[in-house]
Amino acid sequence: MTTAVAGPRTRAQSPARPRGRERRTRGLLGLLAWLCGIVFFLPFAWMVLTSLHGEQDAAANPPHLAAPLTLHGYREFFGSGTGVSPWPPLVNSLTASIASTLLVLLLATPAAYALSIKPVRKWTDVMFFFLSTKMLPAVAGLLPVYLIAKNAGLLDNIWLLVVLYTSMNLPIAVWMMRSFLAEVPVAIIEAASIDGAGLPTVLTRIIAPVVMPGIAATALISFIFSWNELLFARVLTGVVAGTAPVFLTGFVTSQGLFLAKVCAAAVCISLPVLAAGFAAQDKLVQGLSLGAVK
């Protein structure tokens with residue numbers, strides 16, 4: 001009797017153990033994900049909190065977490081005390097980032113189409129050439145670019161930055177778009193070609209809706225890289241074409257580092273990128289994970 005009773009209990013309880021372990025594993029992974037998210041969010045939260053403090057409280061060591069809150073740093077950023085408006089640099093950054101992103105998409109999509117769906121000969125060499133352009137440090141090409149811009153009369157010109165940002169982001173965009181276009185079924189493209197659709201129609205009406213998450217991910221990354229670029233904008237621009245990151249460095253003066261004003265300026269300049277990422281977060285996740293699971 002003892003053996004007959006013990007057998008069914010063991011068999012009945014054995015499937016529950018893997019399910020319990022699976023729940024514990026999921027719980028630990030969820031906890032780890034939350035911890036990683038909090039760790040990545042803490043610097044931004046600290047920056048926002050510092051921007052709402054006065055300069056004396058922001059520079060205190062250890063910091064005063066319960067210090068009175070004020071919007072003085074934001075008023076300084078918008079020129080209430082200095083009379084310097086941040087809108088021209090913000091407009092310059094928006095112009096350079098949006099225009100270069102559109103150019104990158106217009107150039108990268110046909111190139112990726114030729115390297116994936118209709119592959120050219122030795123396409124691997126072409127891909128390596130695109131990748132090799134990112135191996136040169138940006139500072140190494142700064143002097144030649146400066147001399148060319150000076151001789152061409154393009155210094156302090158926002159369209160010079162548009163061309164530079166397009167050239168800098170194009171290799172990454174081609175690599176990303178090729179991985180997305182490689183997942184497009186060739187059958188639907190062949191069916192459209194049989195129906196008489198040309199290349200522009202195939203790209204705009206057949207391929208673009210299928211790879212829209214990839215296009216959104218590529219556009220967002222290109223926009224972020226263009227918005228955050230500082231080196232070329234700092235050297236090649238001045239009063240007219242200065243961008244938002246260049247304007248941010250103006251808060252670091254010879255009088256010292258005013259943490260509250262710098263943090264307030266950094267929060268305001270980060271908002272467009274955060275808004276774009278939040279608006280396209282679903283497309284970004286789909287695009288970056290496209291092709292990860294067959």
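Rules and cut-offs
All residue numbers here refer to positions counted from 1 along the written sequence of the relevant chain. Owing to the predicted nature of the model, reporting of local features is limited to residues with pLDDT of at least 70; listing and counting of side-chain atom pairs is limited to 80 or more, with chain, interface and lining totals taken over all residues. To get the side-chain values, all heavy atoms of the structure are used, and hydrogens and water are removed first. Interaxial angles span 0 to 180 degrees and are taken between N-to-C directions of axes, which are lines fitted to C-alpha atoms, for helices over the stretch in contact. We count a stretch as a helix when DSSP gives it H or I for four or more residues in a row; a strand needs E for two or more, and each element gets its number in order from the N terminus. By the definition adopted for this analysis, an angle is roughly parallel if under 35 degrees, roughly antiparallel if over 145, roughly perpendicular if from 65 to 115, and oblique otherwise. In what follows, residue pairs with any heavy atoms lying within 4.5 Å of each other are defined as contacts. Lys, Arg, Asp and Glu make up the charged group, whereas Ala, Val, Leu, Ile, Met, Phe, Trp, Tyr, Cys and Pro make up the nonpolar group; the residues left over, Gly among them, are polar. To define a nonpolar core, start from buried Ala, Val, Leu, Ile, Met, Phe, Trp, Tyr and Cys residues and group those joined through side-chain atoms within 4.5 Å. The rule is simple: take the accessible area with a 1.4 Å probe, protein chains only, and divide by the maximum for that residue type; under 20% is buried, over 50% is exposed, in between is partly exposed. Helix crossings are classified by the rotation of the near helix relative to the far one: an anticlockwise turn of less than a right angle makes the crossing left-handed, while a clockwise turn makes it right-handed. Patch membership requires more than 30% relative accessible area and the absence of a salt bridge. Residues of like charge join within 9 Å; the nonpolar side chains Val, Leu, Ile, Met, Phe, Trp and Tyr join within 5 Å. Here the Shrake-Rupley method, with its probe set to 1.4 Å, supplies the accessible areas, and only the displayed protein chains count as covering residues. By definition here, a salt bridge exists when the distance from a side-chain nitrogen of Lys or Arg to a carboxyl oxygen of Asp or Glu is within 4 Å. Helix span, expected: 1.5 Å multiplied by one less than the number of residues in the helix. Note that bend, as reported per residue, equals the angle between axes fitted to the 7 residues terminating at that residue and the 7 residues originating from it. In protein, a polar contact requires one atom able to donate a hydrogen and another able to accept it; more generally it is a pair of N or O atoms within 3.5 Å, and residues adjacent in sequence count only if both atoms are side-chain atoms. For Phe, Tyr and Trp, rings pair up if their centres lie within 6.5 Å, where Trp contributes its six-membered ring, and each pair is then called stacked (planes under 30 degrees apart), edge-to-face (over 60) or tilted (otherwise). In our convention, an over-ring charge means Lys NZ or Arg CZ found within 6 Å of a ring centre and within 35 degrees of that ring's normal. pLDDT expresses, on a scale from 0 to 100, how confident the predictor is about each individual residue.

Chemist: Just to check I follow, could you spell out the packing of helix H11 (residues 212-228) against helix H14 (residues 259-279) for this structure?
Modeler: Two numbers describe a pair of packed helices, the interaxial angle and the distance between the axes. Running from amino to carboxyl end, H11 crosses H14 at an angle of 175 degrees, the nearest separation of the two axes being 10 Å. Classed by the angle they form, the pair H11 and H14 counts as roughly antiparallel. Packed against H11, whose contacting residues are Leu220, Phe223, Ile224 and Trp227, the element H14 presents Ile269, Pro272, Val273, Ala276 and Gly277 at the interface. Among the residues making up the contact of H11 with H14, the classes are represented as eight nonpolar, one polar and no charged.

Chemist: When you look at the nonpolar core in this model, what are you seeing that I'm missing?
Modeler: Considering soluble globular proteins, one finds that nonpolar side chains tend to be buried as a cluster. Core analysis: the largest hydrophobic core is formed by 27 residues, its most contacted members being Tyr113, Ile117, Val174, Leu181, Ile189, Ile207 and Val211. Counting only elements with at least two residues in this core, the list comes to helix H5 (87-116), helix H6 (123-132), helix H8 (158-181), helix H9 (186-194), helix H10 (199-210) and H11. With seven residues, the top contributor of residues to this core is H8. Those residues within four positions of Ile207 in sequence are excluded, and the remaining contacts are Tyr113, Ile117, Leu181, Ile189 and Val202. Among the nonpolar cores identified, the runner-up in size contains 18 residues, and Met47, Leu90, Trp227 and Ala266 belong to it.

Chemist: Sorry if this is basic, but what is going on with the packing of H8 against H11 here?
Modeler: Closest axis-to-axis distance for the H8/H11 pair is 10 Å, and the angle between their directions is 160 degrees. Taken together, the axes of H8 and H11 are roughly antiparallel relative to one another. Two packed elements cross with a definite hand, and for H8 against H11 that hand is right-handed. Contacts between H8 and H11 involve Tyr165, Asn169, Ile172, Ala173, Met176, Met177 and Phe180 from the former and Gly214, Ile215, Ala217, Thr218, Ile221, Ser222, Phe225 and Ser226 from the latter. Grouping the constituent residues of the contact of H8 with H11 by class yields 10 nonpolar, five polar and no charged.

Chemist: Help me understand unusual backbone geometry in this model?
Modeler: Peptide bonds are mostly trans, and most non-glycine residues show a negative phi. With a phi angle near 60 degrees, Asp156 is a residue other than glycine that sits in the positive phi range. Looking at the secondary structure, you find Asp156 in the loop between helix H7 (142-152) and H8. Taking relative accessible area as the criterion, Asp156 reaches 23% and is therefore assigned partly exposed.

Chemist: Any chance you could explain a nonpolar patch on the surface here in plain terms?
Modeler: On the surface, Phe128, Leu131, Met135 and Trp175 cluster together to form a nonpolar patch covering roughly 420 Å² of accessible area. With respect to the secondary-structure elements, Phe128 resides in helix H6.

Chemist: In this structure, what is going on with H8? I would like to understand it.
Modeler: Between its terminal C-alpha atoms H8 stretches 32 Å, which fits the 34 Å expected from 24 residues at 1.5 Å a residue. The principal kink in H8, of about 40 degrees, is found at Leu170, preceding the proline Pro171 by one to four residues. Of all the 24 residues making up H8, 17 are buried; the element is thus mostly covered by neighbouring parts of the structure. You can read the cap of H8 off the contacts: a side-chain oxygen lies 2.9 Å from the backbone nitrogen of Trp159, and it is on Asn157.

Chemist: Which parts of the structure should I look at to understand the pattern of salt bridges?
Modeler: For side chains of opposite charge, pairing can occur when their charged atoms come near one another. Per the counting criterion, the structure on display carries one salt bridge. The partner of Glu22 in a salt bridge is Arg26, and the shortest N-O contact between them spans 2.6 Å. With Glu22 and Arg26 both in helix H2 (residues 16-51) and four residues apart, the pair spans about one turn of that helix. We classify Glu22 as partly exposed; its relative accessible area is 39%.

Chemist: What is the right way to read the packing of aromatic side chains from this model?
Modeler: Geometrically, a pair of aromatic rings is defined through the distance of the ring centres and the angle of the planes. By the definition in use, this model includes seven aromatic pairs. Between Phe77 and Phe78 the ring centres are 5.0 Å apart and the planes differ by 80 degrees, which places this aromatic pair in the edge-to-face class. Look at Phe77 and Phe247: their rings are 5.8 Å apart centre to centre, the planes differ by 70 degrees, and that puts the pair in the edge-to-face class. Residue Phe77 is located in helix H4 (residues 72-77), and its partner Phe247 is located in helix H13 (residues 244-249); the two are separated by 170 residues in the primary sequence. Each member of the aromatic cluster is reached from another via a ring pair, and the members are Phe77, Phe78, Trp87, Phe247 and Phe251. For the cation-ring pair, Lys261 lies above Phe258, with the distance from its terminal atom to the ring centre recorded as 4.4 Å.

Chemist: Honestly, the confidence of the model for the protein chain in this entry has me stumped. Any pointers?
Modeler: Interpretation of this model should avoid reading the predicted coordinates in detail wherever pLDDT is low. Model confidence for the protein chain is summarised by a mean pLDDT of 83, while 88% of its residues fall at 70 or above. Here residues 1-6 is a poorly scored stretch, pLDDT under 50, and it has zero contacts once near neighbours within four places are set aside; other chains count.

Chemist: Would you mind going over the side chain of Thr237 with me for this structure?
Modeler: Relative to the assigned elements, Thr237 resides in the loop between helix H12 (231-236) and H13. Classification of Thr237 by relative accessible area gives buried; the value is 13%. Within the structure, Thr237 has its side chain in polar contact with the backbone oxygen of Ala233 (distance 2.2 Å). In contact with Thr237, not counting residues within four places along its chain, are Asp156, Leu161, Phe232, Gly242 and Val246.

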